[in-house]
Amino acid sequence: MSKIWDAIIIGGGAAGLFCAGVAGQLGKQVLVLDHAEILGEKIRISGGGRCNFTNLHSSPANFLSLNPHFVKSALARYPSKEFIKLVSSYGINYHEKHQGQLFCDDSAKQIIDLLMAECAKGRVAIRNPVVIESIAQDQEHWLVQTNAGSEKTKSVVMATGGLPVPAIGATAYSLDIAKQFGLSVVDPRPALVPLSFTADTFGDLYDLAGLSLPVRIASGSKGHRYGACRFNEDVLLTHKGLSGPAVLQASSYWVEGEPIHIDWLGAVEVAGGFNCDALFADEDNRTKLTETILASVLPQRLAKAFAEQKNLLGRKWAEVSKKDRQALKELLTNWSVKPAGTLGWKKAEVMLGGVDTKDLDGQTMMSRQHTGLFFIGECVDVTGHLGGHNFQWAWASGFACAQAL
Ligand SMILES: Cc1cc2nc3c(=O)[nH]c(=O)nc-3n(C[C@H](O)[C@H](O)[C@H](O)COP(=O)(O)OP(=O)(O)OC[C@H]3O[C@@H](n4cnc5c(N)ncnc54)[C@H](O)[C@@H]3O)c2cc1C
């Protein structure tokens, strides 16, 4: 154990490998340790296999954290355009899918290869699979004990990610180390995750599994730790409840026991704007069936299900009472429903919560109490919106840390 590393990075995922490459190229002697047989598994499965590696519009407003200001410094020093430049320098072709989301044209493996190539340029040593048995502070150095021996280092960077998808090796190790050294941890919770419902709240909508449509969704509340949100995105009806980008986004803000709100007509695009009252007051609609009127602005199967839910199936509009019209309008524009829960860590894309940013320096990602102990990536209480923001946080926090090693 004569060698003293400048940094040992625990976790060779997005943040860990990126930080290692940058630090190595700055001349630091860096060792990455990971318990997985294969590195970068989360990158490989990300973005449906094409890795939504950043977002053109990534800004502090796209992140949830107990301290929303924490991300500002790191994002400003390593904005998305820097990672895009790096991707381009490797000749990786990419495209914008939706609202600034950038995906590889071919495969997420290209991003893993890029990170490995950056590490090779920086002469980073990588060892995996290795079991980390303990991390201890020894005067001005750190000791990392593994099943393959002991290593000494000036700094330890915790980059073991979040708890989603335990099947590919997710653990709470960074959170355990944070607690071991007295840092606070904000309760972890699955986020960007589908929501489940009970039969009495969801009714016949289970029969519409597979249906997807644009909606306006709202969840959370002002008093909640991460506040409230409103998104215009697609919702997907499934056999278990609701998924799709709208619901994944809303899940990060959802407070257990409280409803989410869906305006099924909120994203209907009609020249001059859409107004539910105008649709209902249209004289031409008087002789039409309720489900036919609804089908002019909604998918037919959903229009029928909503008419049925309000006992208006087969009823001519002229025969529908004012009270029933009001109830239908409420259902269409403010469907307020309490999810039973989420589909949990197995299906979540990210972790909400993590190492409390009040105990970290936002410029360097270092523990305020322990010189040389850093936390980067998803293990920190910083959670991005859907759309490439979580990888952008991995790159930005990894970059900030690398400058300080
Ligand atoms: C299905 C899915 C799709 C996603 N798609 C996108 C997307 O398209 N765009 C986006 O921005 N984000 C996406 N994400 C989120 C993104 O993958 C993560 O936010 C990002 O990978 C976090 O980077 P990280 O380095 O902090 O953690 P990870 O990339 O998860 O890396 C953590 C590393 O630590 C290792 N490790 C864990 N525990 C230990 C331990 N005890 N000892 C040693 N090593 C350990 C793991 O093996 C892993 O290599 C997706 C997530 C999922 C689950």
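All chains use their own residue numbering, which begins from 1 and follows the written sequence. Under the rules for a predicted model, residues below a pLDDT of 70 receive no local features and side-chain atom pairs below 80 are neither given nor counted, while totals for whole chains, interfaces and linings still include all residues. Based on all heavy atoms of the structure, the side-chain values leave hydrogens and waters out of the count.

The next point concerns the overall build of the chain. The helix and strand inventory of the chain stands at 13 helices and 21 strands. Split into buried and exposed, the 405 residues of the chain put 53% on the buried side. Whether two residues touch is decided by their heavy atoms; if any such pair falls within 4.5 Å, the residues are in contact. Here the analysis covers contacts within the chain between residues at least 6 apart in sequence; of these, 73% occur between residues at least 24 apart. Note on areas: Shrake-Rupley, 1.4 Å probe, and residue coverage restricted to the protein chains presented here. Carbon together with sulfur atoms contributes 49% to the accessible area of the chain, which is approximately 17,400 Å² in total. Counting 39 positive and 40 negative side-chain charges, the chain places the centres of these two groups 2 Å from one another. Strands are runs of DSSP state E lasting at least two residues, helices are runs of H or I lasting at least four, and both sets are numbered from the N terminus onward. Partly exposed residues are those whose accessible area sits between 20% and 50% of the maximum for their type, while under 20% is buried and over 50% is exposed, using a 1.4 Å probe and protein chains only. Neither His nor the chain ends is counted toward charge; the positive residues are Lys and Arg and the negative residues Asp and Glu. Think of each charge as sitting on NZ of Lys, CZ of Arg, CG of Asp or CD of Glu.

Let us look at the state of the cysteines. Disulfides are defined as pairs of cysteine sulfur atoms found within 2.5 Å of each other. Inspection of the entire model under this criterion finds zero disulfides. With no disulfide of its own, Cys51 has Cys104 as its nearest cysteine by sulfur position, at a separation of 5.4 Å.

This part takes up the site of the ligand. Any residue with a heavy atom lying within 4 Å of a molecule or strand is counted as near it. Taken together, 30 residues form the shell around the ligand, and within it Ala15, Asp34, Thr171, Glu378 and Phe391 come nearest. Between N or O atoms, a polar contact is any pair within 3.5 Å; within protein, one atom must be a potential hydrogen donor and the other a potential acceptor, and residues adjacent in sequence are included only when both atoms are from side chains. Within the backbone of His35, a nitrogen or oxygen atom sits 3.3 Å from a nitrogen atom of the ligand. One of the backbone nitrogen or oxygen atoms of Gly47 is found 3.1 Å away from an oxygen atom of the ligand. Calculation on the ligand without its partners gives an accessible area of 1,000 Å², and the protein chains cover 91% of this total. Tallied by class, residues from the shell around the ligand come to 11 nonpolar, 15 polar and four charged. In the scheme used here, Gly and all other residues not listed as nonpolar or charged are polar, with Ala, Val, Leu, Ile, Met, Phe, Trp, Tyr, Cys and Pro taken as nonpolar and Asp, Glu, Lys and Arg as charged.

The next point concerns the nonpolar core. Side-chain atoms within 4.5 Å link the members of a nonpolar core, which is a set of buried Ala, Val, Leu, Ile, Met, Phe, Trp, Tyr and Cys residues. In this structure, Ile10, Phe83, Ile111, Ile135, Phe375 and Trp395 are the most contacted members of the largest nonpolar core, which totals 78 residues. Considering each element in turn, this core owes the most residues, nine residues, to helix H13 (residues 389-404). Residues contacting Trp395, with those up to four places away along its chain left out, are Ala14, Phe18, Phe53, Tyr78, Phe83, Ile111 and Leu115. By size, the runner-up hydrophobic cluster in this structure holds 53 residues, among which are Ala191, Tyr226, Leu302 and Leu312.

This part takes up the sheet that holds strand E3 (residues 52-55). Across the sheet, which stays open at both edges, the three strands sit in the order E3-E6-E5 with antiparallel pairing between neighbours. Either end of the sheet is taken by a strand with one partner, and the two such strands are E3 and strand E5 (94-96). Ignoring which end each strand starts from, the neighbouring axes of this sheet average 30° apart. Two strands pair if DSSP finds at least two bridges between them. Sheet topology note: the E5/strand E6 (residues 101-104) ladder contains three bridges and is antiparallel. Bridge pairing links Glu96 to Leu102 in E6. Those strands touched by helix H4 (residues 80-89) are E3, E5 and E6, and its axis lies near 140° from that of E3. An axis is simply a line fitted to the C-alpha atoms; with a helix, the fit covers only the stretch in contact. Between two such axes, the angle follows the N-to-C directions and lies from 0 to 180 degrees.

Salt bridges are counted wherever a side-chain nitrogen of Lys or Arg sits within 4 Å of a carboxyl oxygen of Asp or Glu. Tallying each qualifying case throughout the model produces eight salt bridges. A salt bridge links Lys85 to Glu82; the nearest nitrogen and oxygen atoms lie 3.4 Å apart. Linking Lys85 with Glu82, this pair stays in helix H4, spanning three residues, or about one helical turn. For Lys85, a relative accessible area of 54% gives the class exposed. Residue classification places Glu82 among the partly exposed residues on the basis of a relative accessible area of 26%. For the salt bridge of Asp113 with Lys109, the shortest nitrogen-to-oxygen distance reads 3.1 Å. Within this pair, Asp113 and its partner Lys109 are both found in helix H5 (residues 109-121), separated by four residues, close to a single helical turn.

Ring pairs shown here join Phe, Tyr and Trp side chains whose ring centres sit within 6.5 Å, with only the six-membered ring taken for Trp; geometry is labelled stacked below 30 degrees between planes, edge-to-face above 60, and tilted in between. Tallied over the full model, the rule gives 15 aromatic pairs. Seen from their ring centres, Phe83 and Trp395 are 4.1 Å apart, and the 10° between their planes marks the pair as stacked. Of the two residues, Phe83 is situated in helix H4 and Trp395 in helix H13; the sequence distance between them amounts to 312 residues. Each member of the pair, Phe83 as well as Trp395, is classed as buried. Measuring from ring centre to ring centre gives 5.6 Å for Phe391 and Trp395, while their planes differ by 10°; the resulting arrangement is stacked. In this pair, Phe391 and Trp395 are both assigned in helix H13, four residues apart and thus about one turn of the helix distant. As far as burial versus exposure is concerned, Phe391 and Trp395 are alike and both buried. Through pairs of rings, three or more aromatic residues link up here, namely Phe18, Phe53, Tyr78, Phe83, Tyr94, Phe391, Trp395 and Phe399.

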